[in-house]
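# Working through the structure, step by step
This is what each chain is made of:
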Amino acid sequence: MAKQAGSSTTPEGLVVRVRDLHVYFFTDLGVSRALNGVSLDIPAGKVTGVVGESGCGKSVTALSIMRLVPHPGRITKGEILLYREREKQNGHSIVEEVNLTDLDPQGPVIRSIRGAELAMIFQEPMTSLNPSYTIGDQIMEAILLHQQCTRKEAEERAVDILARAGMPNPQTVVRRYPHELSGGMRQRAMIAMALSCTPSVLFADEPTTALDVTTEAQILDLMRELQAAMGMAIVFITHNLGVVAQMCDTVAVMYLGRVVEQAPVEPLFYDPQHPYTRALLRSIPHVGSRTKARLQPIRGVVPDPYATIEGCPFHPRCDYRKPGLCDVRVPATTQVGENHTVRCFLYTEQGEDNG
Amino acid sequence: MARYILRRSGYMLVTMIFVAVIGFLIIELPPGSYLEFEIARLRQLGGDMAPEQIRALEVRYGVHDPIYLKFWKWFSGFVRGDFGRSFEHRLPVSELLWQRLGFTVLISVLTMIFSWVVSIIVGVYSATHRYTIPDYAITVLQFIGLSVPNFLLALVLMVFAQQVLGMEVGGLFSGAYRNAPWSLAKFIDLLKHLWIPILVIGASGTAWLSRVMRGNLLDVLNMQYVQTARAKGLSERTVIWKHAVRNALHPLVMVLGMSLPGIISGETVVAIVLNMPTTGPLYFRALLQQDMYLAVTFLMFLAVLLLIGNLFADILLAWLDPRIRFE
């Protein structure tokens, strides 16, 4: 439905490609390895789910791509490539590759990309809008920054985008302050703000976690609808596998700062390859399952991020681990199907020595 | 908003009447009256007073009136701007006050502006450069500013100004200009003298306010909406000044409300050390000498300023933060 936005223009139909990204937080307690070699492909015009337990690096991945990793975090290795479509004068468009890791995180280039091409919405709609400015002011701020138009035009666009985000009475809401709106309305306002400059990627960091179930369903519908209409890619960060199944075209499963499996949504749910993905799917209840089988939790706990684990990070909890291999080397990313990659020694002999 | 201000003014009026009653009780509380001191002084000078003379004075000053009548006399006079007479200075209180009020307000307002501007800039700088060497240096200065008594700082600066800058210190003017009519040269001379009191009086307040600003801004910088502002692609400068600082100003505004009375009473000790023609030393002496009408007039002024300051701070807060706008 939204394929025209990407697949024909970028080499692999991608809008962002992350390769071997390492982000470390240098704290007083030691070095916390938040990302340990994340490789992730974000296809243009599709919804990519990023799932994993708390602390596995989902949010940090999104913030890294936005180049908003908070202090004391730093990208220590790896690259983030953004494929920007540039309109040429003869009507043809060319695709330009920008390595975001090369940019000054506060410099003008990344700032012209942030908000305009890469936008983000956050988990807490209650706190993600500035309480001192009206909704309209905050949306117009982004529009005026990235597009050349007058204040009046910007206000019209703000009303327009609020209306598209399903906001009732957008003309009055632009003059309202965040505290005058409900949580669901604020998240709609956030979505409107993020989409106001028609970005090519929208990062949604658990956008419905703080909302009640009814509102959550409305917001998810809205995002799906806007994605189809506007054709941007969405990176949907969540720990809710049900939401992933409902929302996403492809899924990346993260564990301890690495993407362990990435696949289109159906193969991932029906034919998971990585032991962690399998364990994750076994640990959630199924509606209509007749057996009285107990849910199977994943054995053990997530190791703390300050610890260094030799080999595959999942091996201490893995039922299939091969001693002498899994606890020594990190498996390489292996292709196991169409657009289906996995990092596990069940599928490859190849490993990487860095730990 | 207008209704809110009106209602608040009503409350202020009621509060003022309470303050007036308490103030009046303070006048009446000490045993004896200034009249007795006055009689004692006259006796000391050699002249004795006939009982009739004393009685005449007592009648004139209403010493034996019932207390509510005394209160009414004083209060109705006060409202009309007749604050009574200073026994010590043998002048109407209002005359004494107006003489000194101009410079007092000038110095206090300049000090407030100075400490606000400096503490916002310094606070923002040290919050955004947390745990860097300049931040540590600022922190040390802030703690020195907080812990060194103002009068000591005043003395140090006076010595410095005299020895190094060769200035004539103390007071607000050089000797040549003290009684001269206003002229450009006199004005420049005033400016030359003003920086010492402003620096001294502003030091501890600035140190404290900039500490508050730093801590508050650090909290606000962790808020999600700051991240949102960055995610929009705004420059760091806009993120800090437009989105963060505005939400970190609340405690400074609250303090503003409480610091208004300081305009007339502020830093009395410093004013005495620096020999400044302000109201602080006058208030101090009035208290020492039981010059009650003068003292209570100050008390009333302080209360009024406190109330006005709080109203002003609340209005400013409402302007700053839409969540606390009324009605």
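Our structure is the block above this text.
Notes on the structure in this doc start here. (Residues numbered from 1 in each chain as written. Chains lettered and ligands numbered in written order. Predicted model: local features only at pLDDT ≥ 70, side-chain atom pairs only at ≥ 80, totals over all residues. Heavy atoms only, no water.)

## Comments concerning the sheet that holds strand 10 (residues 258–264) of chain A
Residues and elements named next belong to chain A. Overall, mixed pairing links the eight strands, which are arranged 6-7-8-3-9-10-13-12 in an open sheet. The two strands at the open ends of the sheet, each matched to only one other strand, are strand 6 (118–121) and strand 12 (334–337). Neighbour-to-neighbour, the strand axes of this sheet turn through a mean angle of 20 degrees, independent of strand direction. As paired strands, strand 6 and strand 7 (residues 201–205) are joined by four bridges and run parallel to one another. Following the sheet pairing, Ile121 is matched in strand 7 by Ala204. (Pairing = 2+ DSSP bridges. Helix = DSSP H or I, 4+ residues; strand = E, 2+ residues; numbered from the N terminus. Axes fitted to C-alpha atoms, helices over the stretch in contact; angles between N-to-C directions.)

## A few points about the packing of helix 8 (residues 184–221) of chain B against helix 11 (residues 250–259) of chain B
Residues and elements named next belong to chain B. Viewed as axis vectors pointing N to C, helix 8 and helix 11 meet at an angle of 150 degrees, and their least axial separation amounts to 9 Å. As judged from the angle between their axes, helix 8 and helix 11 are roughly antiparallel. Between helix 8 and helix 11, the contacting residues are Trp208, Leu209, Val212, Met213 and Asn216 on the first element and Pro251, Leu252 and Val255 on the second. Among the residues forming the contact of helix 8 with helix 11, the class breakdown is seven nonpolar, one polar and no charged. (Parallel < 35°, antiparallel > 145°, perpendicular 65-115°, else oblique. Contact = heavy atoms within 4.5 Å. Nonpolar A, V, L, I, M, F, W, Y, C, P; charged D, E, K, R; others polar.)

## Some points on the side chain of Lys58 of chain A
Residue and element names in this part refer to chain A. Its location among the elements puts Lys58 in helix 1 (residues 58–66). Although buried, Lys58 forms no salt bridge, and the nearest oppositely charged side chain, Glu206, lies 4.2 Å from it. Contact partners of Lys58, with chain neighbours within four places excluded, come to Val50, Val51, Gly52, Glu53, Glu206, Ile237, Thr238, His239 and Met254. (Buried < 20%, exposed > 50% of the residue type's maximum accessible area, 1.4 Å probe, protein only. Lys, Arg positive; Asp, Glu negative; His and termini not counted. Salt bridge = Lys/Arg side-chain N within 4 Å of Asp/Glu carboxyl O.)

## Some remarks on the environment of His193 of chain B
Residues and elements named next belong to chain B. When you line up the elements, His193 lands in helix 8. Look at His193 and you get buried, because its relative accessible area is 6%. Note: C-alpha distance between His193 and Asp135 (58 residues apart in sequence) is 31 Å. With residues up to four places along the chain from it excluded, the contact list for His193 reads Glu168, Gly170, Gly171, Leu172, Phe173 and Ser174.

It is worth stressing that arrangement in space is one thing and function is another; only the former is reported here.
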